[in-house]
Protein chains: 2
Amino acid sequence: MTDKTAGVIGGMGPEATVDFMARVIAATPASTDQEHVRLLVDQNPKVPSRQAARAGKGEDPGPAMAAMAKGLEQAGADFLVMPCNTAHAFAQPVRSAVSIPLVSIIEVTVDACREYKNVGVLTTPGCLEAGLYQDALATAGLTAVLPDETEVAEMMRLVAAVKAGDRNEAIARGMRSLAAALVDRGAQAVVAACTEIPLVLTPDMLDVPLVSSTDVLAEVTVAIATGVRPLD
Amino acid sequence: MTDKTAGVIGGMGPEATVDFMARVIAATPASTDQEHVRLLVDQNPKVPSRQAARAGKGEDPGPAMAAMAKGLEQAGADFLVMPCNTAHAFAQPVRSAVSIPLVSIIEVTVDACREYKNVGVLTTPGCLEAGLYQDALATAGLTAVLPDETEVAEMMRLVAAVKAGDRNEAIARGMRSLAAALVDRGAQAVVAACTEIPLVLTPDMLDVPLVSSTDVLAEVTVAIATGVRPLD
């Protein structure tokens with residue numbers, strides 16, 4: 001059996017991609033370099049802001065992401081992943097550009113939530129407005145517990161601070177409060193549905209399970225790359 | 001001025017490449033994603049062991065590394081870096097495969113040591129036996145303070161443990177002892193001349209400056225990518 005190579009459409013943001021790569025290593029049973037999986041990574045932070053585009057205030061990132069996908073396919077990737085949730089609002093141009101599959105972070109994360117009925121979605125305005133988690137949770141027969149307009153704006157402020165390199169205690173506390181509000185409204189688990197969130201918010205900070213979309217995507221990437229899970 | 005894209009011949013080992021990417025982010029003055037530099041990364045842990053090849057006991061990693069270099073050039077890299085010191089014993093096949101420059105971790109690290117006269121080289125058997133630092137330090141008019149055969153074998157044992165995912169306190173203490181032995185023999189600074197070393201050994205653990213080859217390469221990568229430093 002030959003291992004498969006994952007192509008990573010990365011840089012959205014750059015730290016989240018590095019975190020994803022670290023979690024791929026942690027999820028791999030290996031004691032030598034050679035037992036680890038191969039990743040081809042386009043760490044491209046220059047992709048236009050997904051948030052601005054969804055808000056109708058910025059350049060469409062679709063063409064840049066499609067070009068990255070094509071480059072990764074040409075370089076030898078067997079499948080693609082994007083460690084950025086909001087980027088999946090632009091999954092269509094990516095899928096159209098290549099003949100290899102894009103494994104959706106939204107789908108695998110919702111799959112990991114099947115044991116809960118009410119699932120809190122901690123995310124940013126662009127991801128929320130695109131309805132990515134709402135649609136996938138509904139398809140899975142689960143109920144989305146969503147942040148309100150004020151809460152999602154506050155999360156955007158916290159994520160922007162993390163992207164600027166700030167990871168202080170107040171940011172972690174702010175994210176925990178936003179998660180707690182979802183739990184108060186009935187969430188039995190909370191999805192960290194933005195890959196900057198697990199850079200500061202950790203499972204021990206919540207009273208319910210925190211499902212990190214980064215962790216789930218990393219585990220699925222390793223399972224596919226090592227042949228444990230088939231490519232759909 | 002357009003930013004330059006660095007191609008990273010990575011995965012040797014995978015955690016060292018992730019550490020390098022994190023240090024590139026840390027070395028970049030940026031408050032938004034888009035201000036960060038683009039990296040094309042071939043995180044390929046499948047490259048045959050550089051240590052085994054140097055010891056005459058394993059497959060030549062040169063062809064795999066040359067193929068990675070070519071792939072990164074074709075994908076759009078403007079220059080190449082390898083966050084692995086011993087890999088530079090195979091720099092020739094890499095350079096022959098491409099028409100873009102390979103920025104040597106050995107050269108930039110020795111450059112960063114010019115204020116010291118006697119420079120300790122904390123490294124593995126493959127890197128030591130290839131004479132990479134000895135030659136570069138001599139060319140710079142500096143004196144190399146080297147580990148003896150027992151010390152370099154002990155470092156290989158510690159590096160293999162780090163590659164296996166072990167970062168316990170005993171490993172850090174072991175590396176500190178090996179560094180201290182170089183200081184006892186006159187080293188005014190110690191180079192972490194293996195990119196697994198700074199994963200456990202930190203500057204605060206030594207009485208003299210610890211020059212991390214990973215950090216130096218990250219800083220030079222950012223300087224070249226942002227146009228602050230010309231490509232030779």
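The shown structure was predicted, so the numbers you read here are calculated from the model rather than taken from an experiment.

Cut-offs and rules
Residues numbered from 1 in each chain as written. Chains lettered and ligands numbered in written order. Predicted model: local features only at pLDDT ≥ 70, side-chain atom pairs only at ≥ 80, totals over all residues. Heavy atoms only, no water. Contact = heavy atoms within 4.5 Å. Buried area = accessible area lost by both parts, 1.4 Å probe. Salt bridge = Lys/Arg side-chain N within 4 Å of Asp/Glu carboxyl O. Axes fitted to C-alpha atoms, helices over the stretch in contact; angles between N-to-C directions. Helix = DSSP H or I, 4+ residues; strand = E, 2+ residues; numbered from the N terminus. Parallel < 35°, antiparallel > 145°, perpendicular 65-115°, else oblique. Left-handed = near helix turned anticlockwise from the far one by under 90°. Nonpolar A, V, L, I, M, F, W, Y, C, P; charged D, E, K, R; others polar. Pairing = 2+ DSSP bridges. Least-squares fit on C-alpha atoms with pLDDT ≥ 70 in both. Domains from an automatic or database assignment. Core = buried A, V, L, I, M, F, W, Y, C linked by side-chain atoms within 4.5 Å. Buried < 20%, exposed > 50% of the residue type's maximum accessible area, 1.4 Å probe, protein only.

A. Highlighting the interface of chain A and chain B. Listed per partner, the contact involves 33 residues of chain A and 33 residues of chain B. At the boundary of chain A with chain B, total buried surface from both sides reaches about 2,700 Å², with 54% on carbon and sulfur atoms. In terms of surface lost to chain B, no three residues of chain A exceed A:Asp33, A:Gln34 and A:Lys46, which account for 23% of the buried area on that side. Applying the counting rule to chain A against chain B returns eight salt bridges. The shortest N-O distance in the salt bridge between B:Asp33 and A:Lys163 comes to 2.7 Å.

B. Representation of the packing of helix α1 (residues 14–26) of chain A against helix α1 (residues 14–26) of chain B in the model. Viewed as axis vectors pointing N to C, α1(A) and α1(B) meet at an angle of 165 degrees, and their least axial separation amounts to 10 Å. What the angle tells us is that α1(A) and α1(B) run roughly antiparallel. When you trace α1(A) past α1(B), the crossing you get is left-handed. For the pair α1(A) and α1(B), the contacting residues are A:Pro14, A:Glu15, A:Val18, A:Met21, A:Ala22 and A:Ile25 in the first and B:Pro14, B:Glu15, B:Val18, B:Met21, B:Ala22 and B:Ile25 in the second. Looking at side-chain class alone, the contact of α1(A) with α1(B) contains ten nonpolar, no polar and two charged residues.

C. Molecular detail of the sheet that holds strand β5 (residues 143–145) of chain A. All names here are of chain A. One open sheet holds the four strands; their spatial order is β5-β4-β6-β7, and the pairing between them is parallel. The open sheet terminates on both sides in strands that have one partner only, identified here as β5 and β7 (210–212). The mean inter-strand angle of the sheet, taken between neighbouring strand axes irrespective of direction, is 35 degrees. One ladder, built from four bridges, connects strand β4 (residues 118–122) with strand β6 (residues 189–192); its direction is parallel. Among the inter-strand pairings, Gly-120 is bridged to a residue of β6, identified as Val-190. Set on the sheet, helix α9 (residues 169–184) makes contact with β4, β5 and β6; between it and β4 the angle comes to about 155 degrees.

D. Just the relation of the copies chain A and chain B, in detail. In screw terms, the move from chain A to chain B is a rotation of 180 degrees and a rise of 0.0 Å along the axis, fitting with an RMSD of 0.0 Å. Taken together, the turn and the small shift mark the pair as related by a two-fold rotation axis. Rotation axis and chain A: the residue whose C-alpha lies nearest the axis is A:Val41, separated from it by 2.4 Å. A share of 100% of interface residues in chain A that are also interface residues in chain B marks the association as one of identical surfaces.

E. Focus on the domain arrangement of chain A. All names here are of chain A. The domain architecture assigned to chain A consists of domain 1 (6–104 + 215–225) and domain 2 (106–213). A straight line from the C-alpha centre of domain 1 to that of domain 2 covers 20 Å. Domain 1 puts 21 residues into the contact, and the matching count from domain 2 is 28 residues. Contact between domain 1 and domain 2 buries roughly 1,800 Å² in total, counting both sides, with carbon and sulfur atoms accounting for 49%. Interface area lost by domain 1 to domain 2 is led by Asn-85, Ser-104 and Val-216, which between them contribute 33%. For the interface between domain 1 and domain 2, the tally reads two salt bridges.

F. Structural view of the packing of helix α8 (residues 149–163) of chain A against α9(A). Residue and element names in this part refer to chain A. At their nearest, the axes of α8 and α9 sit 10 Å apart, and the two run at 150 degrees to each other. Taken together, the axis directions place α8 and α9 in an arrangement best described as roughly antiparallel. The two elements α8 and α9 meet at a crossing, and its hand is left-handed. In this structure, α8 contributes Glu-151, Glu-154, Met-155, Leu-158, Val-159, Ala-161 and Val-162 to the contact, and α9 contributes Ile-171, Gly-174, Met-175, Leu-178 and Ala-181. Residue composition of the contact of α8 with α9, by class: nine nonpolar, one polar and two charged.

G. Main features of the nonpolar core. Counting residues in hydrophobic clusters, the biggest one holds 78 residues, and the most contacted among them are A:Phe20, A:Leu39, A:Tyr133, B:Phe20, B:Leu39 and B:Tyr133. Beyond its immediate sequence surroundings of up to four residues, A:Leu39 is in contact with A:Ala6, A:Val8, A:Met21, A:Val24, A:Thr221, B:Val41, B:Asp42 and B:Gln43.

H. Focus on the pattern of salt bridges. Throughout the structure, instances matching the rule amount to 24 salt bridges over all chains. Note that A:Glu15 and A:Arg167 form a salt bridge whose closest N and O atoms lie 2.5 Å from each other. Taken together, the residues span a long stretch of sequence, with A:Glu15 in helix α1 and A:Arg167 in the loop between α8 and α9 at a distance of 152 residues. For the salt bridge of B:Arg38 with A:Asp42, the shortest nitrogen-to-oxygen distance reads 2.5 Å. With B:Arg38 in the loop between α1 and β2 (39–43) and A:Asp42 in strand β2 (residues 39–43), this residue pair bridges two chains. Via salt bridges that share partners, A:Asp33, B:Arg50, B:Lys163 and B:Glu196 belong to a single interconnected network.

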